[in-house]
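The primary structure of each chain is shown beneath.
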Amino acid sequence: MKTNVPGYPRIGSNRELKKANEAYWAGKISLEKLQMTSRQLRRQNWETLRDAGIDLIPSNDFSYYDQILDMCVTTNTIPARFQGLKATQITANSPELYFGMARGYQKNGFDLTAMEMTKWFDTNYHYLVPEFDGTQNFELAYNKALEEFEEAKALGIHTKPVIIGPVSFLLLGKIKEENLQVADLLDQLLPVYISLIQSLEKAGASWIQIDEPTLVLDLAPQQQALFQYAYNKIAAVLSSAKLLLTTYFGSLQDNTALTLQLPVQALHIDLVRAPEQLEQLLPQIPAHLQLSLGVVNGRNIWKNNYEKSISLIRKAVDSLGEERVLIASSCSLLHSPYDLDLETLTPQLKNWMAFAKQKVYELVDLANILAGNNDILVANKAVMQDRATADIIHKPAVKARMAALTAADANRKSEFRVRQQAQEAVLQLPLFPTTTIGSFPQTEEIRKLRADVKKGLITPEAYAASIRKAIEASVQLQESLHIDVLVHGEFERNDMVEYFGEQLEGFVFTKNGWVQSYGSRCVKPPIIYGDVSRPLPMTVTWSSYAQSLTRKPMKGMLTGPVTILQWSFVRDDQPRADTTLQIALAIRDEVNDLEQAGIRVIQVDEPAIREGLPLRRADWPAYLEWAVRAFRVAVSGVEDATQIHTHMCYSEFNDIIDSIAAMDADVITIETSRSQMELLEVFSSFSYPYEIGPGVYDIHSPRVPTVAEMTALLEKAVQLLPARNIWVNPDCGLKTRKWPETEQALRNMVTAAEKMRVAI
Ligand code: GLN
Ligand code: ZN
């Protein structure tokens, strides 16, 4: 049986590409050096896959920055504002233009903003959004796919070039010109794709992988129609090369019939996310079509359950025959960390995991099992058995607590109106109360403190004393600025998920488990391997200390269960909802302890609620229900007079406003300044009853907003919401800012709030 890898990570096992890119941007290494590093990385990847025995080895899955940006450059989809820069460059693949489109370009008299970036489906990878503004003249400007195919060929490795399909490329982009139709764009774009594909065929490519992941989304009929049109044209010109149409991250569902009609030689489906689609597809598969089964999870770090995979593969083989079945990872391994061999985890934990390189071996294992090697299967069963029963995973106390949860646990004692009065009586806040979102500038000094204590260079006592000093200074500053609800500043936190994960049971951290997030940015998500519990309070010491320094309310600061889940690698042996609920119970303990310690305002950040939304609308209600319930479980253990805040930086609440309201948070702070308060409209039309802090200034830039700008925004807010419900705060935390601008901006913000109080 043949094995197929849809894509491999490109950052390098030690993030070599990140380092080389950043050194190049900083002018520290030459372009030649960057290119040489990249060539080495590609070669290593190809050799790893070849040596493992993979049949369909990807090429053109490498990218300096992003594979969608690569396709923009390949097809000459250059936004109008970059045309001037392009004219000054010699070739389409000039790094100035390429990185300029990715990162913005501010030199040589140009001031060009970067292309927009957005999440790649429901992953934490971000791609650059193609812009179709009507000025682009599609042409095959730079044949990167061919270059990389030839490069591998020169090394004696026959690869399968990977390209993003024309329909997904268009649908994932933004049409910026009203009169442009996607069908017309497709018509103009197809000749470029055809030349590209023909060039690959001519160079000897036998398989070409075309990714059309938009086939797992809800599509309008006009969008569905684009596929048939495009692939009929493409197929018409091909003679020897075969097309492997690749889908991932979900199920084809209502796009099944149209997909099966496309004139391609093979179809790849994600059987990790949607194993049920195999049985639906098999009876309908046309006789010529091969099927690539994505059975090894490309998006998680767990060892594959061979028994489960084999049963899926056998089903396909029984129906199609061995020659028509390929064994594959569910999606590109881009979303997995590189190599488990580099980790020093406990042997038991390590034995349960597989990173990208190990997943490649798993594909070969599966092929070998099908060829009759039973030992591999037996060994794998033992691992699965170990995990199913391990004490470090399964905590009876946690499971019992989950089982004992009642509806009352997800409900505050009284309804919001009653709570609001109780809170007013205790907190005695003015109208337009001012606050911040939690973090204050993370200076070099603060970062060094945390690094030093981690390395053992300073004692925990010395570390704590220095953090207390930082808290003192921040409290003094906030008091002098007359802010109403203070924060301690989050100086002790490296990251809003890692800080909690490190203190919770059931979490483990890797040394090198990096995954590309965008460009040179990588994240190292915690791994949730077992039942989650909180052995000890996590934030109470810092918050109580901060509260002891002031008579004003000090806000306790926590990360919510959905956000902790979303930004971690999670268990695959229980539903996400259950894992979230376990985290919620741990946070609930912390919330209750903070209240006990005299903290009267507690903020539970949930910036990731929106990004957790499933790809298909039909799946939204179920997700929103458990996500909201988890939040409510986390915060409902407190008295009416304790004020619960939540914070979300991500915009667009239109289609989930009822769920936001169902969270029942006394106060929500959101990012609104850049949208000129437009985001508040939905809260207004929904008659959202709770208090809201619409961000009055953008924290992404060092620019100090004026009082007038902020009062103007607040006046808009007053048009939309009852004044009594409005808070005044920045868009998000201030950790990326510097102190001088922070102090100035907050001073102006408080002045703006004071003006509003007088005006009302
Ligand atoms: N409390 C966090 C902070 O202020 C919130 C960060 C976020 O919303 N992403 O940094
Ligand atoms: Zn935020």
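Report follows, based on the coordinates. (Residues numbered from 1 in each chain as written. Chains lettered and ligands numbered in written order. Predicted model: local features only at pLDDT ≥ 70, side-chain atom pairs only at ≥ 80, totals over all residues. Heavy atoms only, no water.)

**Re the overall build of the chain**
Across its full length, the chain holds 28 helices and 21 strands. On C-alpha atoms alone, the chain measures out to a radius of gyration of 27 Å, which is about the 27 Å that the 2.2 N^0.38 rule sets for 760 residues. With the C-alpha coordinates of the chain rotated into their principal frame, the extents come out at 80 × 65 × 55 Å. Once local pairs closer than 6 in sequence are excluded, the contacts in the chain between residues at least 24 apart make up 78%. Carbon and sulfur atoms make up 51% of the accessible area of the chain, which totals about 29,300 Å². Seen as two clouds, the 77 positive and the 91 negative side-chain charges of the chain have centres 4 Å apart. (Helix = DSSP H or I, 4+ residues; strand = E, 2+ residues; numbered from the N terminus. Rg over C-alpha atoms; globule rule 2.2 N^0.38 Å. Contact = heavy atoms within 4.5 Å. Areas by Shrake-Rupley, 256 points an atom, 1.4 Å probe, with all protein chains shown as cover. Lys, Arg positive; Asp, Glu negative; His and termini not counted. Charge placed at Lys NZ, Arg CZ, Asp CG, Glu CD.)

**Looking at the packing of aromatic side chains**
On inspection of all chains with the given rule, the structure shows 21 aromatic pairs. Taken together, a centroid distance of 5.2 Å and an interplanar angle of 85 degrees make the contact between F62 and Y64 edge-to-face. The residues F62 and Y64 share a single accessibility class, namely buried. Their ring planes at 55 degrees and their centres at 4.8 Å tell us that F416 and Y690 sit as a pair that is tilted. On the criterion of sequence distance, the pair formed by F416 in helix α17 (residues 416-427) and Y690 in the loop between α26 (680-685) and β21 (691-694) is long-range, its members being 274 residues apart. Since its relative accessible area comes to 6%, F416 is described here as buried. Overall, the relative accessible area of 10% leaves Y690 in the buried class. (Phe/Tyr/Trp six-rings, centres within 6.5 Å; stacked < 30°, edge-to-face > 60°. Buried < 20%, exposed > 50% of the residue type's maximum accessible area, 1.4 Å probe, protein only.)

**Some words on the coordination of the zinc ion (ligand 2)**
In this structure, H647 (NE2), C649 (SG) and C732 (SG) serve as the protein donors to the zinc ion (ligand 2), at separations of 2.0 to 2.3 Å. Every donor counted, the four donor atoms about the zinc ion (ligand 2) form angles of 86 to 120 degrees at the centre, which fits tetrahedral coordination. Sequence spacing of the donors to the zinc ion (ligand 2): H-x1-C-x82-C. Looking at H647, the relative accessible area reads 2%, which means it is buried. (Donors = N, O, S within 2.8 Å, 3.2 Å for Na, K, Ca; no water. Tetrahedral: all angles 85-135°; square planar, octahedral: opposite > 155°, others 65-115°.)

**What about the site of ligand 1?**
Neighbouring ligand 1 are the residues I437, G438, S439, E490, M496, D605, H647, C649, C732, G733 and K735. Measuring from a nitrogen atom of ligand 1, one finds a backbone N or O atom of I437 at 3.2 Å. The separation between an oxygen atom of ligand 1 and a polar side-chain atom of H647 is 3.1 Å. Considered on its own, ligand 1 offers 300 Å² of accessible surface; in the complex 94% of this is hidden by protein. Partitioning the shell around ligand 1 into residue classes produces four nonpolar, four polar and three charged. (Near = heavy atom within 4 Å. Polar contact = N/O pair within 3.5 Å; in protein donor to acceptor, adjacent residues only side chain to side chain. Nonpolar A, V, L, I, M, F, W, Y, C, P; charged D, E, K, R; others polar.)

**Re the sheet that holds strand β11 (residues 290-296)**
Strands in a sheet are paired, the pairing made by backbone hydrogen bonds, and the direction either parallel or antiparallel. Spatially, the eight strands line up as an open sheet ordered β1-β12-β11-β10-β9-β8-β6-β2, and their pairing is parallel. Each edge of the open sheet carries a strand with a single partner, namely β1 (2-4) and β2 (58-59). (Pairing = 2+ DSSP bridges.)

**Some details on the environment of F507**
Looking at where F507 falls in the secondary structure, it is placed in strand β13 (residues 505-508). Of the residues examined, F507 reaches a relative accessible area of 8% and is grouped as buried. Through-space distance from the C-alpha of F507 to that of D531 is 8.8 Å; in sequence the pair is 24 residues apart. Sequence-distant contacts of F507, that is, excluding residues within four places in its chain, are made with G501, P526, I527, I528, Y529, V532, I564 and S568.

**Description of the pattern of salt bridges**
Under the criterion given, the structure shown has 46 salt bridges. In this structure, the salt-bridge partner of R81 is E131, at a minimum N-O distance of 2.9 Å. Here E131 lies in strand β5 (residues 131-132) and R81 lies in the loop between α3 (67-74) and α4 (83-88), a separation of 50 residues in the sequence. Exposure remark for R81: the relative accessible area of 30% places this residue in the partly exposed category. Close ionic contact of D655 with R617 constitutes a salt bridge, the shortest N to O distance being 3.3 Å. Taken together, the residues D655 in the loop between β19 (643-648) and α25 (657-662) and R617 in the loop between β18 (601-605) and α24 (620-635) connect sequence positions 38 residues apart. For R617, a relative accessible area of 47% translates into the label partly exposed. One continuous salt-bridge network, built from bridges that share partners, spans R42, D70, K144, E148 and E151. (Salt bridge = Lys/Arg side-chain N within 4 Å of Asp/Glu carboxyl O.)

**With respect to the sheet that holds β18**
Within the open sheet, the five strands sit side by side as β17-β18-β19-β20-β21. Their pairing is parallel. A strand with exactly one partner marks an edge of an open sheet, and here the two such strands are β17 (555-559) and β21. With strand direction ignored, the average angle separating the axes of adjacent strands in the sheet is 20 degrees. Bridge analysis of β17 against β18 gives five bridges, and the strand direction is parallel. Bridge pairing links M557 to Q603 in β18. (Axes fitted to C-alpha atoms, helices over the stretch in contact; angles between N-to-C directions.)

Purely geometric stuff here, so don't read any function into it on its own.
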